[in-house]
Amino acid sequence: MNQARSITLAALLLPGLAFSGACSSEPSNNSKESILDPDGDEAPADDGDEASVDGDGAPADNGDETPADTSSDSQIFTCHASKSPMFTSRDVLNMRISADFTKLNSAPTKEESGSQAVIELSDQSGAAPITANIIARGVSRFHCGFRPFSLKFEEKQKDNIFAHLGKSVKFVTHCGDREGLSPTLKADSIETYEQRVLMEDTVYQVLDQLQVPSLKTRLVRLTYHDAPTGEEETHLAFVREPEDEMAERCGMVEWEDLSGVDTSQLKVDQVGLLLLNLLNDFVIQYDGIEGKNLVSMVDLDRKAICYAPYDFDLVGVSRPDYVANEGRTLEQNRDAFADWLRRNQSPTLFDQIESMLARADQMQRAVDQSNMNEENHEVFSRWLSLYLGLLRDFSACEGHTDDPSRPLCHVEDDHGDRPDSASVVDPGEWSARIEPPGDVDMFAVDLQANTVYSLGGRVPLELFDAQQNLVASASERTVSFKPSQTGTYYLRASLGEQMVSSPLLPSPEELDRYISLYTDDHGASLETATTLEAGKAVEGKWELARGEDEDWFLLSAGASTNLHIVLRDTDTGRVEVSRRGAPAEELPLEEYLLEGDNDVSSLVEQPGEYVVRVIQMLGLRANGSYTVTLQ
C-alpha cells in the first residue's frame, strides 16, 4: 500500500483555511500563542452545469437556471471542465461493443480475461468503429455475471468520444447474476441491477455539481455482442472519468503518476481532507474510510496530498441493507451527520457548506434528470431535502458554538483550555475529548524533580512548566523525561492543525482520546533509558491499563550475545531493536513476545550498540511484568 493510501481516514481522521486554487490553501497563522494568554489546452472553468449536447454535438437547451456565482471569492477549488466529448452531454450514450464477453466474464483472473474489442456508437452515424483491448477489472464486482471492464487503447484517442480520456477508460456495469455471487451484490431482477447503476451514477452527478475534485460519469446503453457466439444483450452501464484526467483538470497529479518526486516532503492537505469527509458523509459513504474508495492526488506546487471520493455503489442513500450501513434510515443518518458537523465545525467547514448550499438547485436537478424509477427518485429527493435542510440549519451555527441553548451548534467542553481553568489530575491515565477543531484541553499535574515520567496517548501533547517553558512533547510514540524542578506542570492536548476530529460514526476511543503521564520504571528516550549489563537481570513492569508503555534499554553486543525477555502476567508484548547511529532508513528489527521465556538473541547478532524497546500491547491481561537478561 502506498504512502497516501495508507493514511487512514480516522487519523486521516487541521484551523480554518480557504482554498485559493486546486488543493491550495491560504497560509494559516499557526504561530503558537503563550498558553497563558487570553483567548495541455486551457479549458473553460467548469460551473458544474455543462451544456447538454445532442448526438451531433449541438448544444441542447436543458432548462438550467443561471448557475450560482462562480467568482474567485466563492470558489474553493479550481477544477476545469473536462475536455472530452464524453462528458459534454448527460444524454444516455448508445454503444455497441463486440468482444469475447464469454471469456471476459468467466476467466479466473483479470489477466486472462482480455480480448480485442470493436466499439460502435449508434448516435454517431457514419463514424468509424473504434478498436481497443478489453479487460475485466474490479474487486468484489469481479465476481459479477457482467464484470466491470476497462477499454485500453494503443494510443490516446483523437476526434472521437474517447478523446482526452487517456489510454484506459473504465466502465461500471450492472453486475448481473452469477453462481456464488455475494448477497451484497445479488439483486432480485435485472431491473434492480440496472437501477443500482442509475443510483450510483446519480451520486456522481450530484457531486459533479459542486465543482470540487470528483469523477465525471456518462450513462451508456450498452449492447454486449459476444463475438464467439454471436449472442448479444443490452444493459445500462456508465463510463467513469479516468482518475489522472480528473486530477489534471483540477491542477494536480494522480499519486500513481508521480515520478521523481520526494514523497517524504508531502503532507495531507487538511482542507481537502475536511472536504473529503464532508462529501463522503453527505452521500452516506460509510465504505469510504481506512483509505478505501478515494483517489489520491498531489498539488506539486504546495507539496500537498488531496483526495477525491469515488465508488458509490454501496452508499447509505441507495443501499441501507449493506452491512456497513447497518440498515439506518435516512433520518438516522441525518442525525449522525448533524453530530459530525457539530463535532467538526470550523470556519472552513462553514465555507464548504455555504458553497454546497449555493449549488442546491443544481444538485436537485441532477436527481430530477436521472432515469431512476419513481421509488428511487423519491428516496434520492428525500435524502437531498433532509440533508440540505440540515446544512441550512447548521450554517446558522457559525459563531454560536458556545451557546448551550443551541443544541445543534453547542459542544460541551470537558476540560478548560488555559492553566487557570485546567483540570487538576494526578499522574496516571485519563481521557480528553478534543472537539470541535481548535479545541484545547489543559491539565494541571504535580511532578517531582529528577523522576522519570513518560508521556503519550492518542492525541498530540505538550507539557509546560509554570514559566511556559516546553518540557516535553509527544505525538506518535511515548516520550520520557525528568523534570528539573518539583512543581505544577501543565499538559496541553490539541489536534493542532487537524481539521477533522473524528469520523462520522466514531468508536469511543476516537472520541475519548487516551492520555497518559505517569511515573515510569524505565524511560522511553535515550536520556532515560536503562543500560543493560552482562549477567545482570533487570526487572520491568508495564504501568498502563489502556496504553502502550515503552521501556528502553541500551546494550553493547559482542560477537555472541544472548538476550532473553521473560514475560509474566500478560499475554503478549513486542520488542523492537535498532542499531545506534544507523541510517534513518534502516528499520528496527522486531519480534512479538509471548508469556514465558522469549529468546530474542537473533535481533542483536552483529556486534555494536543497540537500543532495545520493550513495548506493552493491549491483550486479555494488559498489565504485566518482565525480566530482561543480557549474557
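This structure is a prediction, so every number in the text was calculated from the model and none was measured.

**Q** How should the state of the cysteines be read in this particular structure?
**A** Each disulfide consists of one covalent bond between the sulfur atoms belonging to two cysteines. Enumeration over the complete set of coordinates arrives at three disulfides. Across the disulfide from Cys79 sits Cys250; the S-S distance is 2.1 Å. Disulfide Cys79-Cys250: the torsion about the S-S bond is 115°, which places it as right-handed. A residue pair is termed long-range when its members are at least 10 positions apart, and Cys79 in the loop between β4 (59-60) and β5 (93-99) and Cys250 in the loop between α4 (243-249) and β12 (253-254) qualify at 171 residues. For the pair shown, Cys79 and Cys250 are each scored as buried. With its sulfur 2.0 Å from that of its partner, Cys397 forms a disulfide with Cys409. Disulfide Cys397 to Cys409: torsion about the S-S bond roughly -70°, handedness left-handed. Taken together, the positions of Cys397 in the loop between α9 (374-395) and β16 (423-425) and Cys409 in the loop between α9 and β16 put the pair twelve residues apart, joining distant regions of the chain. A relative accessible area of 1% means that Cys397 is categorised as buried.

**Q** Is there a simple way to think about the environment of Gln195 in this case?
**A** Position of Gln195 among the secondary structure elements: in helix α3 (residues 190-208). Looking at Gln195, the relative accessible area reads 14%, which means it is buried. Separated by 176 residues in sequence, Gln195 and Asn371 have C-alpha atoms that sit 8.5 Å apart. In this structure Gln195 touches Asn371, Met372, Asn373 and Asn376, once residues within four positions along its chain are discounted.

**Q** Explain the packing of aromatic side chains here, please?
**A** The tally for this structure, following the rule as stated, stands at 18 aromatic pairs. Ring geometry for Phe153 against Phe162: centres 5.1 Å apart, planes inclined by 45°, an arrangement best described as tilted. Each member of the pair, Phe153 together with Phe162, is buried. Of the aromatic side chains, those joined through ring pairs into one cluster are Phe282, Phe337, Trp340, Phe380, Trp383 and Tyr387. Lying across the ring of Phe142, Lys110 places its NZ or CZ 5.9 Å from the centre. Over the face of the ring belonging to Trp552 we find Arg613, whose NZ or CZ atom lies 4.3 Å from the ring centre.

The rules behind these values
Residues numbered from 1 in each chain as written. Predicted model: local features only at pLDDT ≥ 70, side-chain atom pairs only at ≥ 80, totals over all residues. Heavy atoms only, no water. Disulfide = S-S within 2.5 Å. Helix = DSSP H or I, 4+ residues; strand = E, 2+ residues; numbered from the N terminus. Buried < 20%, exposed > 50% of the residue type's maximum accessible area, 1.4 Å probe, protein only. Contact = heavy atoms within 4.5 Å. Phe/Tyr/Trp six-rings, centres within 6.5 Å; stacked < 30°, edge-to-face > 60°. Lys NZ or Arg CZ within 6 Å of the ring centre and 35° of its normal.

Function-wise, these values are silent; they only describe arrangement.
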